[in-house]
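Fold and contact review
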Amino acid sequence: MRIHRPLADAVVGTLQEIFLNKRQADRAIEYVLKSNRKWGSRDRGFIAENTYEIVRWWRMLHFVIEAPESLNKYHFWQAFGAWQLLKAKHANSDEALFRLPDWVEFSKVNTNRIFSRYEEAKNIRKIIESVPDWLDALGEAELGTEKWNKEIHALNQQAPVILRVNSLKSNREHVADLLGDEDINADYNNELPDGLILEGRPSVFKTSMFKDGFFEVQDAASQLVAPMLDVKAGMRVIDACAGAGGKTLHIAALMENKGRIIAMDVEERKLQELQKRARRAGAMNLETRLIEPKTIKRLQESADRLLLDVPCSGLGVIRRNPDAKWKLTPEFIENLRTIQYTILTQYSSMLKKGGKMVFATCSLLPSESEDHVRRFLAEQGEQWELLEERRTSPAEDGYDGFYMACLQRK
Ligand SMILES: C[S@@+](CC[C@H](N)C(=O)[O-])C[C@H]1O[C@@H](n2cnc3c(N)ncnc32)[C@H](O)[C@@H]1O
């Protein structure tokens, strides 16, 4: 394999945007890809994949190149070079040893030293799995050593691309056929009635099927949340932390567009995106509502079903957002725990007696998930019954790490 200089430049420049200018990885990648329309799909794939992988393995690469705390552009070139040298080995592949091109930026890259540092790194979990000290300690404290070893390893693997077919417009056999016409192969999974697991990492957003609202990209774990709500056509449903509406659209499809969904959030921008997606999906039975001081009180005991997909650390989805490892802080997670429990205790009042509520997070940490439900039941158990609870695990079932619990109001 040869490395093309403009592509390497693009990766190194994007890494600097992410680490020095604190840009979000997906936005920085999107920006650089838009900057040169002439790049073909392989070039784009190279830039996106290498950037994401170097972000994912940042701590390990930082260790092998022996970089200081304060970084300059040459350190990003060295990390890029080290990743080219190590990626086959790191994936346990027996590909031939890669030789770096004779570029001045690589003049300080010592291949033998990189390999010996890599062997050293293998003995230190937080280095080889590339996690900050505090997160490694927190994961181990909450999950136990054996489980954390497995989960953090699985969280560093690339996640599969999974679609949720929009049953308002199509069905999965039809979409699988249409994808086949575009040389995209898809597999089924019995647990996900509308799910299609794609082979490889094809770009699906440019297909006419996507533009026509035939599917959304949504991980398997996320596809389990709306069905747990047990919605029926005609019900009144509140999705209280709807964001851009991944789960709202699923709920709308399960309700066959009948009844009413109120999709709420504290960020108007996300609700606008939700409306755009709802139009594409043909979801007509929903309205969006920005949460203001009296919104929750006005909706007391008004919903048959309530989804609380609360803001969380996103630790269960770092396969897809590896830069979160470097942006999260213990203080931020602590603050989230307070918000999560406040949402659970205050927003639950919107549910009618006899109604069902799902509390969900995309975190692997019990302190953001199970612990809240246990405390809620301890404090208000006479009014609530826990009907069902589920945890998904990147290590065990290959899904993102979600928690979801269904509670019924007595
Ligand atoms: C996990 S995300 C929701 C993802 C969304 N349900 C989906 O499936 O695409 C959590 C959402 O909670 C919102 N949020 C944060 N604080 C909130 C609050 N106090 N009340 C309601 N929503 C809040 C965030 O803006 C974010 O969109």
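Every chain begins its residue count from 1, and numbering advances along the sequence as written. Side-chain atom pairs in this predicted model are given and counted only at pLDDT of 80 or more, local residue features only at pLDDT of at least 70, and totals for whole chains, interfaces and linings cover all residues.

Before going further, it helps to spend a moment on the overall build of the protein. In this description a helix means any DSSP run of H or I spanning at least four residues, a strand means any run of E spanning at least two, and both kinds are numbered starting from the N terminus. Per the secondary structure count, the protein includes 19 helices and 11 strands. Taking 410 residues into account, the globule formula puts the C-alpha radius of gyration at 22 Å, and the protein, at 23 Å, falls close to it. In terms of overall dimensions, the protein has C-alpha extents of about 70 × 50 × 40 Å along its principal axes. Backbone-placed C-beta atoms define the burial measure: a residue is buried with 20 or more other C-beta atoms within 10 Å of its own, exposed with 12 or fewer, and partly exposed in between. Relative to its 410 residues, the protein shows a buried fraction of 41%. Contacts are defined on C-beta atoms placed from the backbone: any two residues whose C-beta positions lie within 7 Å are in contact. Considering only contacts within the protein whose residues lie at least 6 apart along the sequence, 73% involve residues at least 24 apart. Radius of gyration: C-alpha atoms only; globule rule: 2.2 Å multiplied by the number of residues to the exponent 0.38.

The next subject is the sheet that holds strand β6 (residues 260–265). The pairing criterion for strands is at least two bridges between them, as found by DSSP. Taken in spatial order, the seven strands line up as β7-β6-β5-β8-β9-β11-β10 in an open sheet, and their pairing is mixed. Every other strand in the sheet has two partners, leaving β7 (286–290) and β10 (384–391) as the edge strands with one partner each. Going across the sheet, the axis of each strand differs from the next one's by a mean of 15°, ignoring polarity. Orientation is described by lines fitted to C-alpha atoms, with helices fitted over the stretch in contact, and by angles between N-to-C directions that extend from 0 to 180 degrees. Here helix α15 (residues 268–281) sits on the sheet in contact with β6 and β7, set at roughly 170° to β7.

The N-to-C vectors of helix α2 (residues 25–35) and helix α3 (residues 41–56) enclose an angle of 155°; their axes lie 10 Å apart at closest approach. In terms of orientation, α2 lies roughly antiparallel with respect to α3. Handedness of the α2/α3 crossing: right-handed. Contacts from A25, I29, V32 and L33 of α2 reach α3 at R44, I47, A48, T51, Y52 and V55. Residue composition of the contact of α2 with α3, by class: eight nonpolar, one polar and one charged. Oblique is the label for any angle not covered by the other classes, which are roughly parallel (under 35 degrees), roughly antiparallel (over 145) and roughly perpendicular (65 to 115). Here a crossing is called left-handed whenever its near helix is offset anticlockwise from the far helix by less than a right angle, and right-handed whenever the offset is clockwise. Ten residues, namely Ala, Val, Leu, Ile, Met, Phe, Trp, Tyr, Cys and Pro, are considered nonpolar, four, namely Asp, Glu, Lys and Arg, are considered charged, and the remaining ones, Gly among them, are considered polar.

The residues that UniProt annotates with the feature "binding site: S-adenosyl-L-methionine" (unreviewed entry) are D265 and D309. Look at the named residues: they lie 45 residues apart in sequence, but the longest C-alpha span between them is just 10.5 Å, so in the fold they bunch up. With respect to the helices, strands and loops of the structure, D265 is situated in strand β6. Those residues in contact with D265 that lie beyond four places of it in its chain are C241, A242, G243, K270, L271 and I291. Within the secondary structure layout, D309 lies in strand β8 (residues 303–309). Every residue in contact with D309, bar those within four places of it in the chain, is listed here: V225, C241, K247 and A360. UniProt positions are given in the numbering used here, feature names are shortened, and annotations may be inferred rather than shown by experiment.

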